[in-house]
Amino acid sequence: MKLSVVILSYKVPHHLMLCLDSVTKAIEHIDAEIIVVDNNSEDESCDLVKQNFPKVNLVKNTENSGFSKGNNKGAEEAKGEYLCILNPDTVVPEDCFSELLNYHMELENTGAIGVQLIDGSGEFLQESKRNVPTPRVALKKLLGKPSSYYNFDLNKDENGPTAILVGAFMFLKTDVYLSIGGFDEDYFMYGEDIDFSFRIIKAGFQNYYFGKSQVLHFKGESTTKDQVYLQHFFNAMSIFYKKHFKTYGTSFRLIRQSLNIRRFIEKLKLKSAKIQSPEFKDVYLISEDTDLLAHLKAKLNSNVNLMSKIDSELKDALIVMDANHIRYKDCIEIITGLKSKTNVFRIKPRNYNFIIGSDSKYIKGEVIGLS
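Presented here is an overview of the structure given in this document. (Residues numbered from 1 in each chain as written. Predicted model: local features only at pLDDT ≥ 70, side-chain atom pairs only at ≥ 80, totals over all residues. Heavy atoms only, no water.)

A word on the overall build of the protein chain. Broken down by element type, the protein chain carries 11 helices and 15 strands. Evaluated residue by residue, the protein chain yields a buried proportion of 57% over its 371 residues. Considering only contacts in the protein chain between residues 6 or more positions apart, those separated by 24 or more positions represent 75%. A total of about 16400 Å² of accessible surface is found on the protein chain, and carbon and sulfur atoms cover 48% of it. (Helix = DSSP H or I, 4+ residues; strand = E, 2+ residues; numbered from the N terminus. Buried < 20%, exposed > 50% of the residue type's maximum accessible area, 1.4 Å probe, protein only. Contact = heavy atoms within 4.5 Å. Areas by Shrake-Rupley, 256 points an atom, 1.4 Å probe, with all protein chains shown as cover.)

It is worth spelling out the nonpolar core at this point. Residues Ile7, Leu20, Val23, Phe97, Phe169 and Met321 are the most contacted members of the largest nonpolar core, which totals 63 residues. Excluding residues that lie within four positions of it along the chain, Leu20 makes contacts with Ile7, Ile34, Val36, Val49, Phe53 and Val56. In this structure, Val6, Ile35, Val37 and Val176 belong to the second largest nonpolar core, which totals 20 residues. (Core = buried A, V, L, I, M, F, W, Y, C linked by side-chain atoms within 4.5 Å.)

Moving on: the side chain of Ser128. By the element assignment, Ser128 lies in the loop between strand E6 (110-118) and helix H5 (135-142). Among the polar contacts listed, one links the side chain of Ser128 to the backbone oxygen of Leu125, at a separation of 2.7 Å. (Polar contact = N/O pair within 3.5 Å; in protein donor to acceptor, adjacent residues only side chain to side chain.)

Moving on to the pattern of salt bridges. Tallied over the full model, the rule gives 13 salt bridges. Across the pair Asp195 and Arg199 runs a salt bridge, and its minimum N-O distance is 2.7 Å. A residue pair is termed a helical-turn pair when its members lie 3 or 4 positions apart in one helix, as Asp195 and Arg199 do in helix H7 (residues 192-202) at 4 residues. The burial state of Asp195 is the same as that of Arg199; both residues are buried. Through salt bridges with shared partners, one network takes in Lys2, Glu81 and Lys173. (Salt bridge = Lys/Arg side-chain N within 4 Å of Asp/Glu carboxyl O.)

In this section: the packing of aromatic side chains. A ring pair, where both rings are aromatic, is described by two values, the distance of the centres and the angle of the planes. One pass over the structure, following the stated rule, counts 11 aromatic pairs. Note on Phe97 and Phe169: the rings are 6.3 Å apart at their centroids and 15° apart in plane angle, and the pair reads as stacked. Within this pair, whereas Phe97 is found in helix H4 (residues 96-106), its partner Phe169 is found in strand E8 (residues 169-173), the two being separated by 72 residues in sequence. Take Phe97 and Phe169: they sit in the same class, and that class is buried. Joined through ring pairs, the aromatic side chains of Phe67, Tyr177, Phe183 and Phe196 make up one cluster. Over the ring of Tyr209 we find Lys129; its NZ or CZ atom is 5.9 Å from the centre of that ring. (Phe/Tyr/Trp six-rings, centres within 6.5 Å; stacked < 30°, edge-to-face > 60°. Lys NZ or Arg CZ within 6 Å of the ring centre and 35° of its normal.)

This part takes up the pairing of strand E2 (residues 32-38). Of all 7 residues in E2, 6 are buried; the element is thus mostly enclosed. Bridge analysis of strand E1 (residues 3-9) against E2 gives 7 bridges, and the strand direction is parallel. Residue pairing across strands places Ile7 opposite Val36, the latter belonging to E2. Remark: the E1/helix H1 (residues 13-26)/E2 crossover connection has right-handed handedness. In this sheet, strand E3 (residues 57-60) lies alongside E2 in parallel orientation, the contact comprising 4 bridges. Directly across from Val37, in E3, lies its bridge partner Val59. Read from E2 through helix H2 (residues 45-52) to E3, the crossover connection turns out right-handed. (Pairing = 2+ DSSP bridges. Right-handed = clockwise from strand over helix to strand, strands pointing away.)

Attention shifts here to the side chain of Gln116. Here Gln116 is to be found in strand E6. Within polar-contact distance, the side chain of Gln116 engages the side chain of Gln214 at 3.1 Å. Ignoring sequence-local partners within four residues, the contact set of Gln116 consists of Phe124, Ser128, Lys156, Asp157, Tyr209, Phe210, Gly211, Ser213, Gln214 and Val215.

Along the polypeptide, Ile34 turns up in strand E2. Overall, Ile34 belongs to the buried group, its relative accessible area being 8%. Taking the C-alpha atoms as reference points, Ile34 and Val5, 29 residues apart in sequence, are found 4.8 Å from one another. In this structure Ile34 touches Val5, Ile7, Leu20, Val23, Thr24, Ile27, Val56 and Asn57, once residues within four positions along its chain are discounted.

Attention now goes to helix H11 (residues 328-338). Most of H11 sits out of view: 8 of its 11 residues are buried. Within H11, burial applies to Tyr328, Lys329, Cys331, Ile332, Ile334, Ile335, Thr336 and Leu338. Taken together, the buried residues of H11 touch H1, strand E5 (90-91), E6, strand E9 (206-217), strand E12 (317-322) and strand E13 (344-348).

We now examine the pairing of strand E4 (residues 82-86). Note on strand geometry: in a regular strand, side chains alternate between the two faces of the sheet. Counting buried positions over the 5 residues of E4 gives 5, a clear majority of the element. Burial of the side chains of E4 extends over both faces: Tyr82, Cys84 and Leu86 are buried on one face and Leu83 and Ile85 on the other. In this structure, E1 lies alongside E4, joined through 5 bridges in parallel fashion. From the neighbouring strand, Ile7 faces E4, where its bridge partner is Leu86. As paired elements, E4 and E8 share 5 bridges and run antiparallel to each other. Paired with Tyr82 across the bridge in E8 is Lys173.

Among the surface-exposed residues, Glu76, Glu77, Glu185 and Asp186 lie close enough to one another that they form a single negatively charged patch. Relative to the assigned elements, Glu76 resides in helix H3 (residues 66-77). On the basis of relative accessibility, which here comes to 65%, the residue Glu76 falls in the exposed class. (Patch = residues over 30% accessible without salt bridge, like charges linked within 9 Å, V, L, I, M, F, W, Y side chains within 5 Å. Lys, Arg positive; Asp, Glu negative; His and termini not counted. Charge placed at Lys NZ, Arg CZ, Asp CG, Glu CD.)

Next comes the structure, spelled out in structure tokens:
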């Protein structure tokens, strides 16, 4: 088998269905398997997987064991030569894995490969390509100077070496994953991707960024970004520095102090973000499905314009994209292409009667049922 896609899921049933639908399309011509590890969601997630994706290898945990343990458990099940660690709140284009397989073959001594991640509003997520966050680099970022933290040597649309990737999407040889020991299970959530990327480098491999493939990441769907999130994140960073930079005594103390300050700042950001609400004056459905049009009109109680293809001049609009009519790759390109015109975007997955989307990396997205 060529590829195993491991998706760790926790209480995001609708996002998981969208993700699985996009992955299913992306592996149509690849000898591949999908492994879903459910971290005891206690909702309809597992039933939906069984009903709609019977070929998926579903692993049901009896407790929420965290990101590292859950993904390691999925990797143990993997039969593929290659492995992709993927968040459930992502949408991959149809050519994503085939392009990554080709790109990997061009490289030597390859560790993990990441892609260009964008949020639901079309904004590039800079954590897609980062440098090693040494204490000096981290301090500068915490003080509002992130130039050394993110890898600005690479343009977001370019391909090339980078040090640190994000755990929402990591593509690598399965034997490399296992030889590194997988994710460090001391991390419950957050920081494990930095640690894993760094250990790959320390083992003598090179990580890469593949900017020519865009993947939609509804950032923050698996966990609401509240005080609990902040606590997990900053605890994870403390683990990382204690583990890899024990000799940086003074710097580490400064980092701990700076983390507390940064936590307060992030709390203010999150509080501000939660009260923001995007506005739109027109609704457009990219589809040819008149039944879907009627459902959408009734649900939104609004006039909806049916279009078979996108108008690049649309602005201040809610744009609903029907995945039965256009590819997921097209959906992603529409979002990135029209983001500058204050549009709002929603996707209707194939064979599902809901639309889904997110308008900011700070705000949990919404699901609107159409039945």
